[in-house]
Amino acid sequence: MHWWPGFAMFRRFSHESQRLMADPKALYQEVILDHNRKPRNFGRLDHASHRAEGHNPLCGDHLSLALNVEGDSVAGITFEGESCAICKASASMMTVAVKGKTRQDAQQLIDEFRAMATGELDCGSAPHHLGRLTVFAGMRDLPTRVKCAILPWHTLHAALNSVASTSTESNDDPMNAPIGNA
Amino acid sequence: MNPPQSTVKPKQLDVERIRADFPILKMDIGGKPLVYLDNAASSQMPQQVIDRLVRYRSTQHANIHRAVHTLSEVATAAYEEARRKLARFINAREEREVIFTSGTTEAINLVMHGFGRKFIGAGDEIILSTLEHHSNIVPWQMLAEEKGATIRVVPIDNSGELQSGAYEALFNPRTKFVAVTHVSNALGSINPVKQMIAHAHARGVPVLLDGAQAAPHLAIDVQDLGCDFYAFSGHKLCGPTGIGILYGKAAILESMQPFKGGGDMILSVTFEKTVYNAIPHKFEAGTPPIAAAIGLGAAVDYLSAIGMDAIAAHEQHLLDYATAELARLAGVSIIGTAANKAAVLSFVIAGVHPHDVGTLLNQDGVAVRTGHHCAQPVMQRFGLPATSRASFAFYNTTAEVDALVAGIRNVQKVFT
C-alpha cells in the first residue's frame, strides 16, 4: 500500500496514457472499423418479444434494439439506428456475442462490458467472458467516448428488463452510474 | 523595402511573437504539437494575464468595497479599474453600465430576472433567432412559462443567415423584447444586428445582444450598435473562467429589479425595509470573482494593444484560407456559408460521425469541438445530429489550418 491512496489509479492512468500515445490509432482497430462498415444483425426483426430504444442526447446517437427471447435464450437480435463508429461497432459485436446466449449469460456480458469500459475490470488480469469485445478496453481512457460504447449495452439491459427506452443521461437507469463528462 | 501602407489597413499581426506569449501553445498532445482550434468554446491565456492573476493573488488580495485597510483599497481599486477597462473596450458611455457577472449565461439570466420578470407579462412576445445558443433560449422559455408569454423565432436560410424580412414580420404590438446573438457559435454567421436594433427601437422594443462569440473577434462599440444590453464571457477573450460582463444602458438598468440579493447590492438593510445600492453594485450581490475580473481587465488590455481590427483581419484571412482548403476536400461539407462570418468553420465528413472525427483529430494533436454546440435548433435546421467545428483565434496560423486538413484526410483514410 502506497502512502497516497490514489497512487494505484494514478499509476494505471499514466501508464495507460503512455500506451495510448505509443499507439494513437489503437481505438479504431480494424475489427471496429469492419463492424462499423458492415454491421452484423443490422435491420428489423419481425415478431420481436423484447424491444428498447437507446438515446445519447449529447451526441444524437440513437439505437433501436429488437430481441426474440425463446424460453431462456436470446434466439434473435437485431439493431437499427444512427450513431458514431464506436457505438455502431459495439452494437454489432454485442449482437454477435449475445445471440444464442441465455439471459443470464447476456446479463453477465453486460456487466463485464460496462466494468471494462469504465476501467473497473482489467481484462489482462481478471477472468472474463468478453472475448473479442476487449477491443473496447481502450475506451476507459476516453471518458467522453465511454458512453458511445456502452449505449448498446444499456439498451440491451433495458430490453431484457422490459424497459421501453433508455438514455445515457437518465437517472433512473440502473446501469447509469456517472461516467465521464457530459 | 516596406510597401507603402494605407492608413485604413489594419497592421499585420506578428503571429509568431504573439504565440510566444501563450505557454499552452508550446504543448504536445500525445507527442504531436497542439493545434488548438476550439477557441469558440474557450480561448487560451497569455502570460501577461497569468502574471496579472499571480500578482493579484500574491500581493493584492482582500475583499473589496468593505474594509479601510490597505489591501482592501488596493483590491477595490484594481477591480474598479478592470470595470473601466471593460467599459472602454466596448465604448460604454459610463463605467457603471458594466456589470460583472460569472459569464454570458449569468448575464442573460440577470436580464431575464431583472428586466423580463418585471416588464414582460401574459400575452407578450419575445423574439429570439434560430441561431441562439441554449443560454439565450432557455432563460426566455423559463420566463415565457412563468408569465404566459410567447417566444417567436427568426428563421435562417440555407447559408445560415437570419432572414431579415421574416424578422421584421414578427413584430406586432405584443412584442416586448428581442434577444439575439451577434455571432452564431455553431456557424459563425455575423448577424446584421445594427439594422435589427434600429427596427426594434423604432417600435419601442429593447434588444439584448449575446456577444459571447463576437467580443473576442470584432471591435465592439455598444453606443454605435445602440443595443440595450450586451453580454459576453471572459474566458473566450483570453481571460479567466467565471467572469463576464453585462453591459446595459444606465436608465434601463436603473429601472430593473435586482437579480440576486445579498451583500454589496444594498445601501441599508433593516427587517422592515432594504434600500438597494446604485448600479452597477445593485446587480453584484456577494463577493465577486475579484481576481477573475482583474484578469479580464488584463486580457482586454492585451487584446487592445494588438488591436481588435488587426485581430479581425487576421482571423478573416484564416477563415478564407481554411474555407478554400476544406472546399477542395471531396466528402467534406461546410455547414454555415453566410456572406459575413466570424472565424468558425462547422463541417461534416460524409460517412463519419463527428465524434469519431473529433477523437481521430485529437490523436493528431488537433483540438476541435464536436457535437451540437449547445445550439440544437441550428442542428435541427440542417437535419444534423452534430458537426465538427474548427474555430480560430488571432494566434492561429495557416500552418495549423494545414494540420487540420491533413487530419481530415487521415480521418477519411481510416474510414475508407
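Reading guide: rules and limits
Residues numbered from 1 in each chain as written. Chains lettered and ligands numbered in written order. Predicted model: local features only at pLDDT ≥ 70, side-chain atom pairs only at ≥ 80, totals over all residues. Heavy atoms only, no water. Helix = DSSP H or I, 4+ residues; strand = E, 2+ residues; numbered from the N terminus. Buried < 20%, exposed > 50% of the residue type's maximum accessible area, 1.4 Å probe, protein only. Contact = heavy atoms within 4.5 Å. Domains from an automatic or database assignment. Buried area = accessible area lost by both parts, 1.4 Å probe. Salt bridge = Lys/Arg side-chain N within 4 Å of Asp/Glu carboxyl O. Polar contact = N/O pair within 3.5 Å; in protein donor to acceptor, adjacent residues only side chain to side chain. 1 Å grid on protein atoms, 1.4 Å probe; cavity = no way out; pocket = protein on both sides within 12 Å on 5 of 7 lines; lining within 4 Å. Points joined across faces, edges and corners; volume = space filled by probe spheres on them. Nonpolar A, V, L, I, M, F, W, Y, C, P; charged D, E, K, R; others polar. Core = buried A, V, L, I, M, F, W, Y, C linked by side-chain atoms within 4.5 Å. Phe/Tyr/Trp six-rings, centres within 6.5 Å; stacked < 30°, edge-to-face > 60°. Pairing = 2+ DSSP bridges. Axes fitted to C-alpha atoms, helices over the stretch in contact; angles between N-to-C directions. pLDDT = per-residue confidence, 0-100.

## So, the overall build of chain A
For step 1, the next point in the chain: Scanning chain A for helices and strands turns up 5 helices and 4 strands.
For step 2, the next point in the chain: Reading chain A from its N terminus to its C terminus gives the helix and strand order α-α-β-β-β-α-α-α-β.
For step 3, the next point in the chain: Looking at chain A as a whole, 51% of its 182 residues qualify as buried.
For step 4, the next point in the chain: Pairs at least 24 residues apart make up 58% of the contacts formed inside chain A by residues separated by at least 6 positions.

## Remarks on the domain arrangement of chain B
Residues and elements named next belong to chain B.
For step 1, the next point in the chain: According to the domain assignment, chain B contains domain 1 (15–37 + 307–414) and domain 2 (50–305).
For step 2, the next point in the chain: Computed from C-alpha coordinates alone, the two centres of domain 1 and domain 2 are separated by 28 Å.
For step 3, the next point in the chain: Summing the contributions of domain 1 and of domain 2, the shared interface buries around 2500 Å²; its carbon and sulfur component is 60%.
For step 4, the next point in the chain: For the pair domain 1 and domain 2, the number of links is 0 salt bridges.
For step 5, the next point in the chain: At the surface where domain 1 touches domain 2, the tally comes to 17 residue pairs in polar contact (both at pLDDT 80 or more).

## A word on the side chain of Q60 of chain B
All names here are of chain B.
For step 1, the next point in the chain: Assignment of secondary structure puts Q60 in the loop between α2 (47–59) and α3 (70–89).
For step 2, the next point in the chain: Given the relative accessible area of 11%, Q60 is considered buried.
For step 3, the next point in the chain: A distance of 2.9 Å separates a polar atom in the side chain of Q60 from a polar atom in the side chain of R52.
For step 4, the next point in the chain: Beyond its immediate chain neighbours, meaning those up to four positions away, Q60 contacts R52, R55, L71, V74 and A75.

## Some words on the layout of surface pockets
For step 1, the next point in the chain: Of the pockets and cavities examined, the second largest pocket occupies roughly 340 Å³.
For step 2, the next point in the chain: Residue lining of the second largest pocket: 21 residues in total, with E82 and S83 of chain A together with G351, V352 and H353 of chain B positioned closest to the centre.
For step 3, the next point in the chain: Sorting the residues of the lining of the second largest pocket by element identifies β3 (73–82) and α3 (85–98) of chain A together with β14 (344–349) and α12 (354–363) of chain B as the ones contributing at least two each.
For step 4, the next point in the chain: Looking at side-chain class alone, the lining of the second largest pocket contains 11 nonpolar, 6 polar and 4 charged residues.

## Things to note about the nonpolar core
For step 1, the next point in the chain: Core analysis: the largest hydrophobic core is formed by 81 residues, its most contacted members being I90, V178, L209, Y230, F232, L303 and F394 of chain B.
For step 2, the next point in the chain: A domain-level breakdown of this core finds at least three residues from each of domain 1 (15–37 + 307–414) and domain 2 (50–305) of chain B.
For step 3, the next point in the chain: Setting aside chain neighbours within four positions, we find Y230 of chain B in contact with H182, L209, G211, A214, A215, I220, V222, L225, I245, L246 and Y247 of chain B.
For step 4, the next point in the chain: Grouped together as the second largest cluster of nonpolar side chains are 76 residues, L67 and L160 of chain A together with A322 and V368 of chain B included.

## Quick word on the packing of aromatic side chains
For step 1, the next point in the chain: The final tally for this structure, using the stated rule, is 17 aromatic pairs over all chains.
For step 2, the next point in the chain: Pairing F113 of chain A with W153 of chain A gives two aromatic rings, centres 4.5 Å apart and planes at 15°, and the pair type is stacked. Placement of F113 of chain A in helix α4 (residues 103–117) and of W153 of chain A in helix α5 (residues 146–160) is noted, with a sequence separation of 40 residues between them. Comparing F113 of chain A with W153 of chain A, the two get one shared label, buried.
For step 3, the next point in the chain: Relative to F229 of chain B, the ring of F115 of chain B lies with its centre 6.1 Å away and its plane at 70°, an arrangement referred to as edge-to-face. Taken as a pair, F115 of chain B in helix α4 (residues 104–119) and F229 of chain B in strand β9 (residues 229–233) lie far apart in primary sequence, 114 residues in all.

## Some remarks on the interface of chain B and chain A
Interfaces are often sized by the accessible area lost when the parts come together.
For step 1, the next point in the chain: Facing the 16 residues of chain B at the interface are 20 residues of chain A.
For step 2, the next point in the chain: Note on chain B versus chain A: buried area summed over both sides is about 1400 Å², and carbon and sulfur give 55% of it.
For step 3, the next point in the chain: Along the contact surface separating chain B from chain A lie 1 salt bridge.
For step 4, the next point in the chain: Among the ionic pairs, D356 of chain B bridges to R145 of chain A, the shortest N-O distance being 2.9 Å.
For step 5, the next point in the chain: Summed over the shared surface of chain B and chain A, the result is 7 residue pairs in polar contact (both at pLDDT 80 or more).
For step 6, the next point in the chain: Put simply, the parts of the chain that give the side of chain B that touches chain A at least two residues each are α12 and α14 (398–414) of chain B.

## Let's talk about empty space enclosed by the protein
All names here are of chain B.
For step 1, the next point in the chain: This structure, assessed with the given rule, holds 1 cavity of 30 Å³ or more.
For step 2, the next point in the chain: Roughly 60 Å³ of volume is contained in the largest cavity.
For step 3, the next point in the chain: In this structure, the largest cavity is lined by N39, S43, P216, H217, K236, L237, C238, L303, E315, A393 and F394.
For step 4, the next point in the chain: Of the domains in this structure, domain 1 (15–37 + 307–414) and domain 2 (50–305) are the two that each give at least three residues to the lining of the largest cavity.

## A few points about the sheet that holds strand β17 (residues 387–391) of chain B
All names here are of chain B.
For step 1, the next point in the chain: With respect to topology, 4 strands assemble into an open sheet ordered β13-β14-β17-β16, the strand pairing being antiparallel. Here the strands that pair on one side only, and so sit at the sheet edges, are β13 (332–335) and β16 (369–371). Taking each pair of neighbouring strands and ignoring which way they run, the sheet shows an average axis angle of 30°.
For step 2, the next point in the chain: One ladder, built from 4 bridges, connects β13 with β14; its direction is antiparallel. Opposite I334, over in β14, you have F347 as the bridge partner.

## Section: the confidence of the model for chain B
For step 1, the next point in the chain: For chain B, per-residue confidence averages 95 on the pLDDT scale, and residues scoring 70 or more make up 97% of the total.
For step 2, the next point in the chain: In the model, residues 1–6 of chain B has pLDDT below 50 throughout and makes 0 contacts with residues more than four positions away in sequence or in other chains.

## A few points about the pairing of strand β4 (residues 98–101) of chain B
All names here are of chain B.
For step 1, the next point in the chain: Burial along β4 is two-sided: V98 and F100 and I99 and T101, pointing in opposite directions, are all buried.
For step 2, the next point in the chain: In this structure, β4 lies alongside strand β10 (residues 244–248), joined through 4 bridges in antiparallel fashion. Bridge pairing in β10 places I99 opposite L246.

## Digging into the pairing of β14 of chain B
Residues and elements named next belong to chain B.
For step 1, the next point in the chain: With 6 of 6 residues buried, β14 is to be regarded as a mostly interior element.
For step 2, the next point in the chain: Taking every second residue as pointing to the same face, both faces of β14 are buried, with V344, S346 and V348 on one and L345, F347 and I349 on the other.
For step 3, the next point in the chain: In the sheet, β14 pairs with β17 via 4 bridges, with the strands oriented antiparallel. Paired with V344 across the bridge in β17 is S391.

## Notes on unusual backbone geometry
Apart from glycine, the bulk of residues carry a negative phi angle, and the bulk of peptide bonds sit in the trans form.
Residue and element names in this part refer to chain B.
For step 1, the next point in the chain: Here the amide bond leading from I279 into P280 is cis, since omega sits at 5°, within 30 degrees of zero.
For step 2, the next point in the chain: Phi at H65 is positive, roughly 60°, even though this residue is not glycine.
For step 3, the next point in the chain: Structurally, the position occupied by H65 is in the loop between α2 and α3.
For step 4, the next point in the chain: Residue class for H65 comes out partly exposed when judged on its relative accessible area of 26%.
For step 5, the next point in the chain: In this model, H373 sits at a positive phi of 60°, which is unusual for a non-glycine residue.
For step 6, the next point in the chain: With respect to the helices and strands, the residue H373 is situated in the loop between β16 and α13 (376–381).

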